[in-house]
Structures are given as structure tokens and as C-alpha cells.
Amino acid sequence: MQIRLARYSGFCFGVRRAIQLAMDAVQKGEEVYSLGELIHNPQFVQELRAKGLRVASAAQELHNSVVIIRSHGISKEEYNVLVKQGNTIIDATCPYVSKTHDLIKQANAEGYPVIILGDPCHPEVIGMKSYGNSDTVVVSPNEELAPVMAKRLCVISQTTQKIEHLINLVSSLLPKVMDLKVHNTICLATGQRQIAGAELAKESDIMVVIGGKHSSNTKMLARLCSEYCPTIHIETGAELTPEIFVDKARIGLCAGASTPEAQIVEVYNKIMKINGEECPATGIQNIPLFKEESC
Ligand code: SF4
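Just so we're clear, the structure is a prediction, and the values are computed from it rather than from any experiment.

### Comments concerning the overall build of the chain
If you tally the helices and strands in the chain, you get 9 helices and 13 strands. For 295 residues, the compact-globule estimate of 2.2 N^0.38 gives 19 Å, and the chain sits close to it at 21 Å. With 295 residues in all, the chain has 51% of them scored as buried. For the chain, long-range pairs separated by at least 24 residues make up 69% of all intrachain contacts whose partners lie at least 6 apart in sequence. Treating the 29 positive side-chain charges of the chain as one cloud and the 32 negative ones as another, the clouds have centres 4 Å apart.

As C-alpha cells, then:
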């Protein structure tokens, strides 16, 4: 059995930064709340709770507290509530997400109605929409568009979308809109991870995608890999059984942007154990990396 890990697996820059900011605040001995779970990874959120980070589910619950805004960002309305209620805000909104807020405001100021490509229920997209005017709409990937009457439009994407979805949306709008402005706001970390995952999936008999079941970018990664080979999406090694690997010689591993290294190592060691190998990896550097030139 050959087990290989896709490049760029695990925490992205924005998630790493949010965790660091939260831990710095907790270590100062302050009572720190995150507004919503800091990352979409239940096992890691549990570890953060044990270290003292509390979770609030709504801005209205928080008064005169230290509050960390997670990398997805929050809506303008939630931000205003936090300020009004006397909270000290640590803003860990990923700079790539903040950039989408600025672009939406700028497009509106220039007279462009905005179409956001993304999952309308995802907190990042809810936050993005709040920075637009009343003409701002969210379109899900591959959603049938209502007839477009606008002369000018601006398209902005959720940072974790697949580039193909953005290309499809722009292609469908181009024949209908004379003045179409497009900002490719899909973040580099997402694009690199998706390319690396797909390249490995093409060379694997099965892909094991590791990350929170509610993590948007991990789900996207699993969907993408499943286009090339059988794929399973798991949170921990406990979900793996020997039957999964029957007749599978080439195992590919990849992980979402909110998956800690320790979880990747744990899954790798579980597969090694299933394969009867006795040398567990102690760190991600011990896992063979799939190096594809095009990544
Ligand atoms: S996936 Fe990209 S946009 Fe999202 S937090 Fe990570 S670096 Fe930032």
C-alpha cells in the first residue's frame, strides 16, 4: 500500500492567524469568546474550549466581553451590535475575506449591482452580502439565473468556491450584460489545495479527505476528488475500517483549510495500522508528500 499526502493540506494562513490571535488573548488570562465556532472542526474546537476559549452563538449574547471574529468574518449588523454592547473586538477576519467586503462596497459606490457566487447559508457569504446594498444577490454554484435586465453588474466570489463555478457564472452572464466586472476573489490557498487534491486523486485508488463535516472548503475538496476516484470524507481515523481499503493500493490523503496537522497524522497512522505497518508518523513531515509539477 502506498499512502501519499497532497501538498497544501491542513491549516491555511487565515485559520492559523485566527487561532494564534485567539490563543494569545486566552493566554493573557482574559475571558475570550469566539462568535460562532472558531473553525469548522469539532475536535479542534473542543481542544480550544479546554484551553479556555468560549463560544457564543449570537452577537446579542455578548456584553463587555473580549470577542474574536473568526476568519469567515461577520455581518456589518453583527459588528455594530458587538460595538454597541461594549465588547472589545479582536478581528481575525481573513484579509482575503475583508477584501471581498471592500470590493462589494466599491462596486456599489461605482453603481454596479453585485452578484455574490457562493453558498447563501455560509457565514462568510452572509457577512459579504451585508456589505452590499439592497440590489446585492447571492447565486449558488450552478443555480439557474433569473432573467438578467441589468446593463452593468459586478461578480464577486466566496473565497472557497471552485474556479469552474465562477467561470460558468461569468460565461452565462457575458452574453446578457454589456458592462460586466468580475473579481476573482477565490483565495490562493483554496485554489492550490484543490489543484493538489485533484492531481493526487487522478493517481490514487481511493482518496481520504480529512476535515470537519461542516467545513465548506473540505466538502468542496471531497466533491472535487470524487470526480477522479472513490472518495471518503472523514473527521478522524475512527471512521476508517479495513474493508474501505480492500483492493486499494494507492491511497491519497488531503485535508481542508481548517484541519489541524495532528488529525492528518492520526488518520495516516490509522491507515498504516490497518495495513499492518508498525512505524507511526510523529509529525506531518513523516508523511510522504505527493509532488506533482503542476501544483
Ligand atoms: S481559505 Fe483562504 S480566505 Fe479562507 S481563511 Fe483560509 S486563507 Fe483566508
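Resuming the write-up.
### So, the domain arrangement of the chain
Domain annotation for the chain reports domain 1 (2–11 + 189–290), domain 2 (13–94) and domain 3 (96–186). If you look at the interface, domain 1 gives 13 residues, while domain 2 gives 10 residues. In this assembly, domain 1 packs against domain 2 so that about 900 Å² is buried in total across both faces, 55% of it on carbon and sulfur atoms. Across the domain 1-domain 2 interface, the total number found is 0 salt bridges. On inspection of domain 1 and its partner domain 2, the count reaches 5 residue pairs in polar contact (both at pLDDT 80 or more). Here the side of domain 1 that touches domain 2 is built from residues that sort into 3 nonpolar, 9 polar and 1 charged.

### Topic: the site of the ligand
Looking at the ligand, the residues that line it are Cys12, Gly14, Ser71, Cys94, Tyr96, Thr159, Cys187 and Thr190. Judged by its atoms lying within 2 Å of the grid points, the ligand is housed in the largest pocket. In terms of residue class, the shell around the ligand is made up of 4 nonpolar, 4 polar and no charged.

### Some thoughts on the sheet that holds strand 9 (residues 179–183)
Spatially, the 4 strands line up as an open sheet ordered 7-6-8-9, and their pairing is parallel. On the outer flanks of this sheet lie strand 7 (137–139) and strand 9, each paired with one strand and no other. Across the sheet, the mean angle from the axis of one strand to that of its neighbour is 25 degrees, orientation sign disregarded. Both strand 8 (residues 152–157) and strand 9 contribute to a ladder of 5 bridges, which runs parallel. By the bridge assignment, Leu153 is partnered in strand 9 with Leu180. In the packing of helix 4 (residues 95–109) onto the sheet, contacts are made with strand 6 (114–117), strand 8 and strand 9, and the angle to strand 8 comes to roughly 175 degrees.

### What to know about unusual backbone geometry
For Tyr8, which is not a glycine, the phi torsion comes out positive at approximately 65 degrees. Phi at Asn142 takes a positive value of approximately 65 degrees, unusual for a residue other than glycine. Along the chain, Asn142 turns up in the loop between strand 7 and strand 8.

### With respect to the sheet that holds strand 4 (residues 66–69)
Taken in spatial order, the 4 strands make up an open sheet running 3-2-4-5, and their pairing is parallel. In this open sheet, the two strands that pair with only one neighbour each are strand 3 (53–56) and strand 5 (88–91). In this sheet, adjacent strand axes meet at a mean angle of 35 degrees when their direction is disregarded. Pairing analysis gives 3 bridges linking strand 2 (residues 32–35) to strand 4, with the strands arranged parallel. For Val32, the partnering residue across the bridge sits in strand 4 and is Val66.

What counts and what doesn't
The residue numbering used here restarts from 1 in each chain and proceeds along that chain's sequence as written. Note on the predicted model: pLDDT of at least 70 is required for a residue's local features to be given, and 80 or more for side-chain atom pairs to be given and counted; whole-chain, interface and lining totals, by contrast, use all residues. Remark: hydrogens and water are excluded; side-chain values derive from all non-hydrogen atoms of the structure. For the purposes of this entry, the term helix denotes a DSSP run of H or I that reaches at least four residues, the term strand denotes a run of E that reaches at least two, and both are numbered from the N terminus. The size measure is the radius of gyration over C-alpha atoms, and the globule rule it meets is 2.2 Å times the number of residues to the 0.38 power. The buried label goes to any residue with under 20% of its type's maximum accessible area, the exposed label to any with over 50%, and the partly exposed label to all in between, with areas taken from a 1.4 Å probe on protein chains only. For this analysis, residues touch if any pair of their heavy atoms sits within 4.5 Å. We treat Lys and Arg as the positive residues and Asp and Glu as the negative residues; His and chain ends play no part in the count. By convention, charge coordinates are those of NZ in Lys, CZ in Arg, CG in Asp, or CD in Glu. Bear in mind that the domain bounds are from an automatic or database domain assignment. Accessible area, probed at 1.4 Å, shrinks when two parts are joined; the buried area is that loss added up over both. Throughout this description, the term salt bridge denotes a Lys or Arg side-chain nitrogen within 4 Å of a carboxyl oxygen of Asp or Glu. Whenever two N or O atoms come within 3.5 Å, that pair is a polar contact, provided that in protein one can donate a hydrogen and the other can accept it, and provided that, for residues adjacent in sequence, both atoms are side-chain atoms. Put simply, Ala, Val, Leu, Ile, Met, Phe, Trp, Tyr, Cys and Pro go in the nonpolar bin, Asp, Glu, Lys and Arg in the charged bin, and everything else, Gly too, in the polar bin. Residues are counted as near a molecule or strand when any one of their heavy atoms sits within 4 Å of it. Method remark: on a 1 Å grid restricted to protein atoms, a set of points is classed as a cavity if a 1.4 Å probe fits but cannot get out and as a pocket if it is open with protein on both sides within 12 Å along at least five of seven lines; lining residues have an atom within 4 Å of a point. Pocket occupancy is defined atom-wise: a molecule lies in a cavity or pocket when more than half of its atoms are within 2 Å of its grid points. When DSSP finds two or more bridges between a pair of strands, those strands are recorded as paired. Each axis is a line fitted through C-alpha atoms, and for a helix only the stretch in contact is used; angles between axes span 0 to 180 degrees, taken between their N-to-C directions.

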